[in-house]
Number of protein chains: 2
Amino acid sequence: MGESEKGPDQRSGGGGRFSLLATDGRARAGLLRTSHGEVPTPVFMPVGTRATVKAVSPRDLEGLGVGIVLANTYHLYLRPGDERIARLGGLHTFMGWDHPILTDSGGFQVFSLAGLRRIDADGVTFRSHIDGSEHRFTPEKAIGIQENLGADIIVCLDECAPSGDYAYNVEALARTHAWAERCLAAKSRDDQALFGIVQGGVFAELRAQSARFLTALGFDGYAIGGLSVGETKEQMHAVLEVVDPLLPADLPRYLMGVGTPEDLVECVARGVDMFDCVLPTRMARNGGVLTRTGRLNIRNARFADDPAPLELGCSCYTCTHFSRAYLRHLTLAKEILGHHLLTLHNLHLMLTIAQEIREAVLARRFQAYRETFWSRFAS
Amino acid sequence: MGESEKGPDQRSGGGGRFSLLATDGRARAGLLRTSHGEVPTPVFMPVGTRATVKAVSPRDLEGLGVGIVLANTYHLYLRPGDERIARLGGLHTFMGWDHPILTDSGGFQVFSLAGLRRIDADGVTFRSHIDGSEHRFTPEKAIGIQENLGADIIVCLDECAPSGDYAYNVEALARTHAWAERCLAAKSRDDQALFGIVQGGVFAELRAQSARFLTALGFDGYAIGGLSVGETKEQMHAVLEVVDPLLPADLPRYLMGVGTPEDLVECVARGVDMFDCVLPTRMARNGGVLTRTGRLNIRNARFADDPAPLELGCSCYTCTHFSRAYLRHLTLAKEILGHHLLTLHNLHLMLTIAQEIREAVLARRFQAYRETFWSRFAS
């Protein structure tokens, strides 16, 4: 475990250096440096499960100002295969995205395969949801796949346990920690940053234990996993409040799978720098729209003759060119353009809010921003 | 029928004037002037059935250089409704497309509703494919709907008969001609051009009769309908060769529903100026790709590791950014981006070929272009 003795400048991921530029309370503004460019934080990362953010192209993402996207190791391992992607030049080349990418470890998807997976101390055996074929992830395998994919930031294989089950979390955390050590040892590429994943369910003592253990190992950044899986917002916030002071201030913190506009504001307030969530893209498929004042569903009959944009004052392509009436028509007719245009709007809002938060932190007026946000949201 | 006595400068569609700029053999290059801008011809019109060209946005279409799109009266009448579209400012505003639009009459779709429609001398009664509700199109109704939609070019209600059934075509042609007179009389908007539709199946004498009858009525342009519905290419070409010399040289000719790269070359060679076809957009959904050398399906296993673009030398966004291997992956995974990127390529090819043909005609080297086209296509 010589990895744990590396100093800040010899961390494993030369591509993952981070500068904390400002704090305001616990809120942080920073700059993440990766092998494919810099990412201002706080940042929202759109999810590109199968090497595409659903219903938008890389040039759309560039137009939106997306700084980094997430891709899923489990899905890409199964199809088209990480070795194939490596032969084709890696994930950036494969998906035409010459900007930062983060891959998850595949663990979350595998542990979600109820009835199709078997965990042991060494790893997890599972069946493909596509063809039922048997596969196995170990910490070394998860790192190997992610090195084949070649994302700028990769993460450890971890076990995401039901957040309220104490005994299960104790067991799972032991595996997660042992696997984190093995992932660190297995890592071989210098151009990738490796994040550890803090687990421990809703239990403060387990979360603290996890944060301390992983920090001692010395990662390039820390993900906080196992949240947004059924616990309350209060429980999630309590976990963040435990973890925040225990993680190194000079390294990025990534809250996995969380990301509504409200979450961005409240979790940045508790020390988080990075977010990903399928919500903005997934809800777009069925007519779901995020706005600063809450959510709406464009299929609602009250929009049938509504010439207004999705959100007044929004500067996105969708809001500056199309009416609610048209977007309702497209959604009811199941036209792809509806999914595309709602996705653009939802992502634009997430990115805009992350940027506004960043500016507020840099100007040391985050609390005022937070209050204004909630005053509009409640209205 | 005073409309038939209008001279060329008093034609009903102020928005539809046409300049024939050059001819080369029977091939023509022209400029169509509409209320929403000019369209160089020959032109390929992407099909936007339900007020969207499937899987692409208006800005994508602008980026491709699309000059005019087609929308379907039948579909928009049923959903979201032509009166609603009128209230929302018309089809251009509704779909965010401030460039020329052509609407069909809805006839083709209604006559395709086997078992769900009943024709009489006055019009056609049919049931909606969406909810089974009963509706009726008459010539006046078809024009009224198209005036509500507000396209730059509208067409007469016609009856598209099985192309090889002589007796049926005689009967149907009588109705089509009577309806053409009524459409001309019903038309009230000066900013829309009205095209008559030449019918008559594969029968030269009926086609000639139809071309003469409609020309005498005096339309802003002439559509040639009822082709590409089962007859051979030779039969289609034979019909064009009958019709071409009978239509006014100074007005545009639109071959309905036809448009492969090969069709563009061979039908321009027989006097056609305008084309529409769902093929380039529809085939993209299932991995179908048009190229200058023929078609390919990107799902084919031989593309799994292929780093090459869809078509070497193609300058479209898809070919300059993505490999066949990636596009195969997207298509197999049923990702919308695959449909989007193949659509962009297929439309780019159609538009490029139309533009190349135009330049060849203007330079009086169309025959050489045609020979080169076929030498590459056969290779």
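It should be emphasised that the depicted structure is a prediction, and the values quoted were computed from it without experimental measurement. (Residues numbered from 1 in each chain as written. Chains lettered and ligands numbered in written order. Predicted model: local features only at pLDDT ≥ 70, side-chain atom pairs only at ≥ 80, totals over all residues.)

Concerning the overall build of chain A
Under the convention used in this document: For the purposes of this entry, the term helix denotes a DSSP run of H or I that reaches at least four residues, the term strand denotes a run of E that reaches at least two, and both are numbered from the N terminus. A radius of gyration in this sense is built from C-alpha atoms; the matching globule rule multiplies 2.2 Å by the number of residues raised to 0.38. Residue burial is a threshold on neighbouring C-beta atoms within 10 Å of the residue's own C-beta, all placed from the backbone, with 20 or more meaning buried, 12 or fewer meaning exposed, and counts in between meaning partly exposed. Contact between two residues is assigned when their C-beta atoms, built from the backbone, lie within 7 Å.
A count of helices and strands for chain A gives 15 helices and 16 strands. Its C-alpha atoms give chain A a radius of gyration of 20 Å, within 12% of the compact-globule value 21 Å for 379 residues. Taken along its principal axes, the extent of the C-alpha atoms in chain A is 65 × 50 × 40 Å. Expressed as a percentage of its 379 residues, the buried residues of chain A come to 56%. Of the contacts made within chain A by residues no fewer than 6 positions apart, 69% connect residues no fewer than 24 positions apart.

Concerning the sheet that holds strand 7 (residues 117–120) of chain B
Residues and elements named next belong to chain B. We apply this condition: Here the rule is simple: two strands pair whenever DSSP picks up at least two bridges between them. Axis definition: a line fit to C-alpha positions, over the contact stretch in the case of helices; interaxial angles, taken between N-to-C directions, run 0 to 180 degrees.
Strand order in the open sheet made by the three strands is 7-8-9, with antiparallel pairing throughout. The open sheet has two edge strands, strand 7 and strand 9 (134–137), and neither has a second partner. Strand-to-strand, the axes of this sheet are offset by a mean angle of 15 degrees, without reference to chain direction. Two strands pair when backbone bridges link them, and strand 7 and strand 8 (residues 123–127) are joined in this way by four bridges, in the antiparallel orientation.

Details of the relation of the copies chain B and chain A
Defined as follows: For the least-squares superposition of copies, only C-alpha atoms count, and only for residues with pLDDT at least 70 in both.
Note on the copies: chain B fits chain A at an RMSD of 0.0 Å, the axial shift is 0.0 Å, and the rotation between them is 180 degrees. What the rotation and shift describe, once combined, is the action of a two-fold rotation axis. Within chain B, the C-alpha atom positioned nearest to the axis of rotation is that of I336 of chain B, 3.7 Å from it. Of the residues that chain B buries at the interface, 100% are likewise interface residues in chain A, meaning the two copies contact each other through the same surface.

Focus on the domain arrangement of chain A
Residues and elements named next belong to chain A. As a reminder of what qualifies: Here the limits of each domain have been adopted from an automatic or database domain assignment.
Annotation of chain A at the domain level lists domain 1 (2–277) and domain 2 (278–379). With centres defined by C-alpha atoms, the gap from domain 1 to domain 2 works out at 27 Å. Facing the 31 residues of domain 1 at the interface are 29 residues of domain 2. Elements represented by at least two residues in the side of domain 1 that touches domain 2 include exactly strand 1 (18–24), strand 2 (27–34), strand 3 (37–41), strand 4 (43–45), helix 1 (58–64) and helix 10 (261–268).

Quick notes on the pairing of strand 2 of chain A
All names here are of chain A. Among the eight residues of strand 2, six are classified as buried, and the element is accordingly described as predominantly covered. The turn joining strand 1 and strand 2, which pair antiparallel and follow one another in sequence, is formed by two residues; a positive phi near 65 degrees is taken by G25. For strand 2 and strand 3, the ladder comprises five bridges, and the chain directions are antiparallel. When the bridges of strand 3 are listed, L31 appears paired with P40. Hairpin connection from strand 2 to strand 3: two residues lie between these consecutive antiparallel strands.

Observations concerning the sheet that holds strand 2 (residues 27–34) of chain B
All names here are of chain B. Pairing is antiparallel in the open sheet, where three strands are placed in the order 1-2-3. The outermost strands of the open sheet, each flanked by one partner alone, are strand 1 (17–24) and strand 3 (37–41). In this sheet, adjacent strand axes meet at a mean angle of 10 degrees when their direction is disregarded. Of the strand pairs in this sheet, strand 1 and strand 2 are connected by seven bridges, and their pairing is antiparallel. Bridging from a neighbouring strand, A22 pairs with A29 of strand 2.

What about the interface of chain B and chain A?
Put simply, the rule is: Each residue is assigned to one class: nonpolar for Ala, Val, Leu, Ile, Met, Phe, Trp, Tyr, Cys and Pro, charged for Asp, Glu, Lys and Arg, and polar for all the others, Gly among them.
Contacts between chain B and chain A engage 32 residues on the former and 32 residues on the latter. Elements represented by at least two residues in the side of chain B that touches chain A include exactly helix 1 (58–64), helix 3 (82–87), helix 4 (91–95), helix 12 (317–321), helix 13 (324–332) and helix 14 (336–362) of chain B. Looking at the side of chain B that touches chain A, its residues break down into 16 nonpolar, eight polar and eight charged.

Some remarks on the environment of E262 of chain A
Residue and element names in this part refer to chain A. The topology assignment puts E262 in helix 10. Residue E262 is classed as partly exposed on the basis of its C-beta count, with 15 C-beta atoms lying within 10 Å. In sequence terms E262 and F213 are 49 residues apart; their C-alpha atoms lie 30 Å from each other.

Side note on the packing of helix 7 (residues 166–186) of chain A against helix 8 (residues 204–217) of chain A
Residues and elements named next belong to chain A. The cut-off we apply is this: Here is the rule for angles: anything less than 35 degrees is roughly parallel, anything more than 145 is roughly antiparallel, 65 through 115 is roughly perpendicular, and the remaining ranges are oblique.
In the contact formed by helix 7 and helix 8, the axes pass within 11 Å of each other and the chain directions differ by 10 degrees. Relative to helix 8, the element helix 7 lies roughly parallel. Two secondary-structure elements touch here, helix 7 through N169, V170, L173, H177, A180, E181 and L184 and helix 8 through L206, S210, F213, L214 and L217. Class assignment of the residues belonging to the contact of helix 7 with helix 8 gives a composition of eight nonpolar, three polar and one charged.

Side note on helix 10 of chain A
For an α-helix, the turn length of 3.6 residues means that residues three or four places apart are oriented alike. Counting buried positions along helix 10 of chain A yields six of eight residues, so the element is predominantly enclosed. Residues P261, D263, L264, V265, C267 and V268 of chain A constitute the buried set of helix 10 of chain A.

Quick notes on the environment of G259 of chain A
Residue and element names in this part refer to chain A. Secondary-structure assignment places G259 in the loop between strand 13 (253–255) and helix 10. Accessibility expressed as a C-beta count within 10 Å gives 25 for G259, which makes it buried. Counting along the chain gives 110 residues from G259 to Y369, while the straight-line C-alpha distance between them is 18 Å. Contacts of G259, omitting those with residues within four sequence positions, involve F44, L264, F275, D276, C277, L279 and M350.

What to know about unusual backbone geometry
Residues and elements named next belong to chain A. Put simply, R79 and P80 share a cis peptide bond, and its omega is 10 degrees. Inspection of the secondary structure assignment puts P80 in the loop between helix 2 (73–78) and helix 3 (82–87). The phi angle at K334 is positive, at roughly 55 degrees, despite the residue not being glycine. Looking at the secondary structure, you find K334 in the loop between helix 13 (324–332) and helix 14 (336–362). C-beta crowding within 10 Å serves as the criterion here: with 11 such atoms nearby, K334 is assigned to the exposed category.

Structural notes on the confidence of the model for chain A
Residues and elements named next belong to chain A. To keep things clear, this is the line we draw: One number per residue, pLDDT, summarises how confident the predictor is, and it ranges from 0 to 100.
Taken over all residues, the pLDDT of chain A has a mean of 94, while the share at 70 or more is 95%. Scored below 50 in pLDDT, residues 1–16 shows 35 contacts in the model against residues more than four places distant or in partner chains. For this predicted complex, the interface confidence reaches an ipTM of 0.95, while the overall pTM sits at 0.95.

Things to note about the environment of T232 of chain A
Structurally, T232 of chain A is set in the loop between strand 12 (221–224) and helix 9 (233–243). Sequence separation between T232 of chain A and R117 of chain A is 115 residues; the distance between their C-alpha atoms is 27 Å.

Brief notes about the packing of helix 8 of chain A against helix 9 of chain A
Residue and element names in this part refer to chain A. Threshold: By definition, turning the near helix anticlockwise from the far helix through less than a right angle yields a left-handed crossing, and turning it clockwise yields a right-handed one.
Closest axis-to-axis distance for the helix 8/helix 9 pair is 9 Å, and the angle between their directions is 40 degrees. Comparing their axes, helix 9 and helix 8 come out oblique. Helix 9 is crossed by helix 8, and the crossing has right-handed handedness. On helix 9, the residues that touch A204, R207, A208 and A211 of helix 8 are A238, V239, V242 and V243. In the contact of helix 8 with helix 9, the residues fall into seven nonpolar, no polar and one charged.

Observations concerning the pairing of strand 8 (residues 123–127) of chain A
Residue and element names in this part refer to chain A. Between strand 7 (residues 117–120) and strand 8, which pair antiparallel and follow one another directly, the connecting turn spans two residues. The pairing of strand 8 with strand 9 (residues 134–137) spans four bridges and is classified as antiparallel. Bridge assignment links R127 to a residue of strand 9, and that residue is E134. The antiparallel pairing of strand 8 with strand 9 creates a hairpin that spans six residues between the two strands, and G132 there sits at a positive phi of about 75 degrees.

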